[in-house]
Amino acid sequence: MMSVEDKLESAETRPPHVLIFPAPGQGHVNTILSLAELLALSDFQVTFLITPHIHNRLRRFAGDIEARHPNLTFETFGHGVLQNPALFGHNLKELAEQTKSQGKLKLRELCSEHSGKPKVGCIIVDALLGQVDSELGDELGIPIIHFRTASACSFWAYFNVPKLLQCNELPIKGEEDMDREITRIPGMENLVRCRDLPALCRGERKGTLSLDTLVYLALHSQQAKAVLMNTFEDLEGPVLSQLRRHFPSLYTLGPLHVLLNSKKASKTAAAAASGREEEKDRTCMRWLDAQPPKSVIYVSFGSVAVYTRAQLMEIWHGLMNSKKPFLWVIRHDLVAEPDGDQGLPAELQEGANERACIVEWAPQQEVLEHAAVGGFMTHSGWNSTLESMVAGVPMICWPLFGDQPTNSRYVSEVWKIGLDMKDTCDRKIVEKMVNDLMVERRQEFEKSAEALAALARKSAGEGGPSYSNFHRFIEYLKSIC
Ligand code: UDX
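Now for a quick tour of the structure. (Residues numbered from 1 in each chain as written. Predicted model: local features only at pLDDT ≥ 70, side-chain atom pairs only at ≥ 80, totals over all residues. Heavy atoms only, no water.)

## Notes on the overall build of the protein
Spelled out, the test is: In DSSP terms, a helix is any run of H or I states spanning at least four residues, a strand is any run of E spanning at least two, and both are numbered starting from the N terminus. Residue burial is assigned from relative accessible area. The probe radius is 1.4 Å, only protein chains are included, and a residue is buried under 20% of its type maximum, exposed over 50%, and partly exposed in between. Only heavy atoms matter for contacts: two residues are in contact if any of them lie within 4.5 Å across the pair. Note that accessible areas follow from Shrake-Rupley with a 1.4 Å probe, and for residues the cover is restricted to the protein chains shown.
Each helix and strand counted, the protein has 21 helices and 13 strands in total. Burial status across the protein gives 58% buried among its 481 residues. Pairs at least 24 apart in sequence give 72% of the contacts found in the protein among residues at least 6 apart. Accessible area for the protein stands at about 20200 Å²; split by element, carbon and sulfur atoms hold 50% of it.

Structural data, given as C-alpha cells:
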C-alpha cells in the first residue's frame, strides 16, 4: 500500500491535468487545439472534449494528433444534433444549446473522482460556452479559464453594447442608418460605423445566438480566473488596454499557430507530424506550383458560412472577369437556398478551367504561404485573418456573421492590409476589388502586409511578447492547478 508520503510525492510529481472544452465549430476547435498541443508540449496532461463529428473531421484533416502527443487525450460526447453534420452552419443556436447541456454532463463525469482519470486541476472553456461554467463552477470547485477565439476588437464591441444602447447609439435604425459612426466605444471612436459592429447588432437571424446572449457572455468572462486570446499586442494594443481594465488577467498568445510552430521547432520530435494534412486536397498545391509568383487570388469562406447560389455566381463572374487565376474552396455545404435546395450551380460544378482551380477543402496555411498567392478573398473569420496576416497576403473581405464585420473594418482601416467589400458583393465590385488589390494598389498593400507579417511572426516567435506571455501563463496555470 502507498504511504502518505508516497501519495503526496506522486501528486506533486504528476503533471497537472487540464480539461479543455471548445465550441464545436472548426474555427474554434482549430485555435483551441493549438493551445492544447502547446500545453501537451509543456508536459501538462490534457483532455480535449469534443463531439464525435468534430473528432472525425480532425482525424481526417489533422492526422493522428493523439499519437504525436501521448499526454493529449480526446474525449467525445454528444448525441442527436451533435452527431448530425448537416445541421452545422444552419442551426448554431440549437448546436450551442445541446453542446452546453450535453457537455455539462460529460464535464461533471470527467471531474468526478470516479472518472478513472487524474484529478482535473483547471478547465479551459471556450467563452462561447461560458454558461456551462456559471452552472458548474461552484459545484466543481475547479478554476475556470475562458478562451476567446475571436478578435479583441469584436470582443470589446460586444462588451460595449449595453452602453451603446444606453446612449442611443444602438439600436441601428434601418438600412439608411448603416453608415452612421459609432462614437462611444473607447479606443474605437469614429472608427466603426453601424455596419462594422458585430453582425447581430443589425438584428437577429433565425438559427443564430441572440445579441443578448453574446453580450452576456462577453460580460460573463469577468467571472473567469483568466482570459486567453488569439491576438497580439502590436495588432490590437489600444483595444487590449481598454479590455484589461475589466479583465486584468488577460493573456494574448497569438498568432497561436505561429507560437505552436515555434515550440514544435524547438522540440523536433514533436514536429514529425505523421499523416498531418494528408487528406486535404493537395491537387491545388500542384496547380499553384504552375502559376506565376503572386498571381493567384485564393478564395475561401471558412468552415461554416453559407451563401445563396446567386451570391456565389456573382463572385464567380467577378473572378472570371478579373482575368486573374483563382483557387476557390467550395465546401459541399457552402450553398443553401431558402427552399432547402442545396448544391452547386453547374458552372461551379464543372469548376476548373485554365484559370480556376476549385477544391472542397484546402491546406489553407500552406496555400497562403505559397509564392503564387497574391491575394485572399475571405469572410474575415478570425483564424483566416490571422493566417493571411502571418503569410503577408493582402485581403478582400466579404464578412458575413459574428465578429467578421468588425474584423474586416480593421483590415481595411486600421491595419491597411486589404479592402472591405462588406454588404456590396456583385460581379462588378468583385472584379474591381481584385484588380485594385492585385494590380492598381498592389505595392501599397504588399508593403503594409509584409510589415504586419513581420510583427506577427516576431510576436509569437522565441522571445516575442506572445511567446513570453505563454510562459507566464504556464507558470500561472501550474500555480492554480
Ligand atoms: C468561425 C467564425 O467565422 C470566426 O469569425 C470566428 O472567429 C471563429 O469561428 P470559421 O467561419 O470557420 O470560424 O472561420 P475561421 O476563423 O477563418 O476558421 C477557418 C479555419 O479553417 C482556418 O483555420 C482555416 O485555415 C481552416 N480552413 C478553411 C482550412 O484549413 N481549409 C479550408 O479549405 C478552409
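## A short note on the site of the ligand
Note the cut-off: Note on terminology: near, applied to a residue and a molecule or strand, indicates that one of the residue's heavy atoms is within 4 Å of it. Polar contacts, as counted here, are pairs of nitrogen or oxygen atoms within 3.5 Å of one another; within protein the pair requires one atom able to donate a hydrogen and one able to accept it, and residues that are adjacent in sequence qualify only if both atoms are side-chain atoms. Only Asp, Glu, Lys and Arg are considered charged in this grouping, and only Ala, Val, Leu, Ile, Met, Phe, Trp, Tyr, Cys and Pro are considered nonpolar; every other residue, Gly among them, is considered polar. These domain boundaries are the output of an automatic or database domain assignment.
Residues in contact with the ligand amount to 21 residues; listed here are only the nearest, Ser 303, Ala 362, Ser 384, Glu 387 and Asp 403. Contacts to the ligand include Ala 362, whose backbone N or O atom sits 2.6 Å from a nitrogen atom. Contact distances for the ligand include 2.6 Å between an oxygen atom and a side-chain N or O atom of Glu 387. Looking at which element gives the most residues to the shell around the ligand, the answer is helix α17 (residues 382-391), with four residues. Residue composition of the shell around the ligand, by class: seven nonpolar, eleven polar and three charged. Taken domain by domain, the makeup of the shell around the ligand includes at least three residues from each of domain 1 (15-276 + 461-480) and domain 2 (283-457).

## So, empty space enclosed by the protein
Our working rule: Cavities and pockets are found on a 1 Å grid laid over the protein atoms alone: a cavity is a set of points where a 1.4 Å probe fits but cannot escape, a pocket is an open set with protein on both sides within 12 Å along at least five of seven lines, and a lining residue has an atom within 4 Å of such a point. Grid points are joined across faces, edges and corners, and a volume is the space filled by probe spheres set on the points.
Counted by the stated rule, this structure contains two cavities of 30 Å³ or more. The computed volume of the largest cavity comes to approximately 50 Å³. Of all the secondary structure elements, the ones that give two or more residues to the lining of the largest cavity are α3 (52-62) and α4 (65-68). Per-element accounting of the lining of the largest cavity gives the leading share, three residues, to α3. Its residues assigned to classes, the lining of the largest cavity shows three nonpolar, two polar and three charged. There is about 30 Å³ of room inside the second largest cavity. Considering the residues around the second largest cavity, the lining is formed by Leu 107, Ile 123, Val 125, Val 132, Asp 133, Leu 136, Leu 140 and Ile 144.

## Considerations on the packing of aromatic side chains
Selection criterion: We call Phe, Tyr and Trp rings a pair once their centres come within 6.5 Å, taking the six-membered ring for Trp, and we label the pair stacked below 30 degrees between planes, edge-to-face above 60, and tilted otherwise. Placement of a charge over a ring requires the Lys NZ or Arg CZ to be within 6 Å of the ring centre, with the centre-to-atom vector within 35 degrees of the ring normal.
Per the stated rule, a full pass over the model turns up 14 aromatic pairs. Ring geometry for Phe 155 versus Phe 247: centroids 5.0 Å apart, planes at 50°, classification tilted. In this pair, Phe 155 sits in helix α7 (residues 152-159) while Phe 247 sits in the loop between α10 (233-244) and β7 (250-252), placing the two residues 92 residues apart along the sequence. Per residue, the accessibility class of Phe 155 equals that of Phe 247, and both read buried. Note on Tyr 307 and Trp 398: the rings are 4.9 Å apart at their centroids and 25° apart in plane angle, and the pair reads as stacked. In this pair, Tyr 307 sits in the loop between β8 (296-300) and α14 (309-322) while Trp 398 sits in the loop between β12 (395-397) and α18 (404-414), placing the two residues 91 residues apart along the sequence. Its relative accessible area of 1% is what places Tyr 307 among the buried residues. Taken together, Phe 155, Trp 156, Phe 159 and Phe 247 form an aromatic cluster joined through their ring pairs. Here the guanidinium or amino end of Arg 148 rests over the ring plane of Phe 155, the centre of that ring lying 4.1 Å away.

## Describing the packing of α14 against helix α19 (residues 427-440)
For clarity, the threshold we go by: Note on geometry: axes are lines fitted to C-alpha atoms, helical ones only across the stretch in contact, with angles between N-to-C directions running from 0 to 180 degrees. Working rule for angles: under 35 degrees goes down as roughly parallel, over 145 as roughly antiparallel, 65 to 115 as roughly perpendicular, anything else as oblique. We call a crossing left-handed when the near helix sits turned anticlockwise from the far one by less than a right angle, and right-handed when that turn is clockwise.
Where α14 contacts α19, the axes come no closer than 7 Å and their chain directions differ by 45°. Considering their axes alone, α14 and α19 lie oblique with respect to each other. The two elements α14 and α19 cross, and the hand of that crossing is right-handed. In contact with Glu 314, Ile 315, His 317, Gly 318, Leu 319, Asn 321 and Ser 322 of α14, α19 contributes Arg 427, Val 430, Glu 431, Val 434 and Asn 435. Residue composition of the contact of α14 with α19, by class: four nonpolar, five polar and three charged.

## A short note on the environment of Arg 205
Among the secondary structure elements, Arg 205 is positioned in the loop between α8 (161-166) and α9 (211-220). Separated by 196 residues in the primary sequence, Arg 205 and Phe 401 place their C-alpha atoms 9.7 Å from one another.

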